[in-house]
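# Inside the fold
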Amino acid sequence: MTVCPVDCIYEGDDMVYINPDECIDCGLCEPECPVNAIFVDTDVPPNWKEYIQKNTTESKRIAGE
Ligand code: SF4
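Residues numbered from 1 in each chain as written. Predicted model: local features only at pLDDT ≥ 70, side-chain atom pairs only at ≥ 80, totals over all residues.

### With respect to the overall build of the protein chain
To keep it simple, the criterion reads: For the purposes of this entry, the term helix denotes a DSSP run of H or I that reaches at least four residues, the term strand denotes a run of E that reaches at least two, and both are numbered from the N terminus. Restricting the calculation to C-alpha atoms gives the radius of gyration, and the globule rule supplies 2.2 Å times the number of residues raised to the power 0.38. Note on burial: count the other C-beta atoms lying within 10 Å of the residue's C-beta; 20 or more is buried, 12 or fewer is exposed, in between is partly exposed, and C-beta positions come from the backbone. Note on contacts: residues are paired as contacts if their backbone-placed C-beta atoms lie within 7 Å.
Across its full length, the protein chain carries 1 helix and 2 strands. In the protein chain, the order of α-helices and β-strands from amino to carboxyl end is β-β-α. Computed over the C-alpha atoms, the radius of gyration of the protein chain is 11 Å, within 12% of the 11 Å expected from 2.2 N^0.38 for a compact globule of 65 residues. In terms of overall dimensions, the protein chain has a C-alpha envelope of 30 × 20 × 20 Å along the principal axes. Out of the 65 residues belonging to the protein chain, those deemed buried represent 8%. Sequence separation of at least 24 residues holds for 50% of the intrachain contacts in the protein chain that already meet a minimum separation of 6.

This is the structure in structure tokens:
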């Protein structure tokens, strides 16, 4: 995703993932998400909390870490 200045958004099969260790919390990607699914980790809605761990695991797997 070109909007990210540190290139820490990784494309998976059915969604994209943000590497939390690389993200600088600039917020530029939030308005670009077509389904409004990007949140700072402390603001993730309760019913989406399970995605926090999935995001970390998958972003690092795709990045080859
Ligand atoms: S908030 Fe993080 S993922 Fe989003 S554009 Fe900024 S650095 Fe990239």
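### Considering the site of the ligand
Inclusion rule: As a rule, any residue with its backbone-derived C-beta atom within 6 Å of a molecule or strand is reported as near that molecule or strand. For this scheme, ten residues count as nonpolar: Ala, Val, Leu, Ile, Met, Phe, Trp, Tyr, Cys and Pro. Four count as charged, namely Asp, Glu, Lys and Arg, and the remainder, Gly too, count as polar.
Among the 13 residues in the neighbourhood of the ligand, the closest are listed as Cys 4, Cys 23, Cys 26, Leu 28 and Cys 29. Here the residues of the shell around the ligand sort into 11 nonpolar, 1 polar and 1 charged.

### Focus: the environment of Cys 23
Tracing the backbone through its elements, the reader meets Cys 23 in the loop between strand 2 (16-18) and helix 1 (50-63). Residues Cys 23 and Pro 5 lie 18 residues apart in sequence; the distance between their C-alpha atoms is 9.1 Å. Not counting residues up to four positions away in its chain, the partners in contact with Cys 23 are Cys 8 and Ile 18.

### Thoughts on helix 1
Every α-helix carries 3.6 residues per turn, so stepping three or four residues along brings you back to the same face. Test applied: Take the residue count of a helix, subtract one, and multiply by 1.5 Å to get its expected span.
Compared with an ideal rise of 1.5 Å per residue, which puts 14 residues at 20 Å, helix 1 spans 20 Å between its outermost C-alpha atoms and is within 8% of the ideal. Two residues or fewer after helix 1 comes Gly 64, characterised by a positive phi angle close to 85°.

### Quick look at unusual backbone geometry
Located in the positive-phi region is Asp 7, a residue other than glycine, with phi close to 55°. Within the secondary structure layout, Asp 7 lies in the segment before strand 1 (9-11). Since 11 C-beta atoms lie within 10 Å of it, Asp 7 is described here as exposed.

### Considering the environment of Cys 29
Structurally, Cys 29 can be placed in the loop between strand 2 and helix 1. By the C-beta count within 10 Å, which is 17 here, Cys 29 ends up partly exposed. C-alpha separation for the pair Cys 29 and Asp 7, spaced 22 residues apart in sequence, amounts to 11 Å.

The values reported here are purely geometric and, on their own, carry no functional implication.
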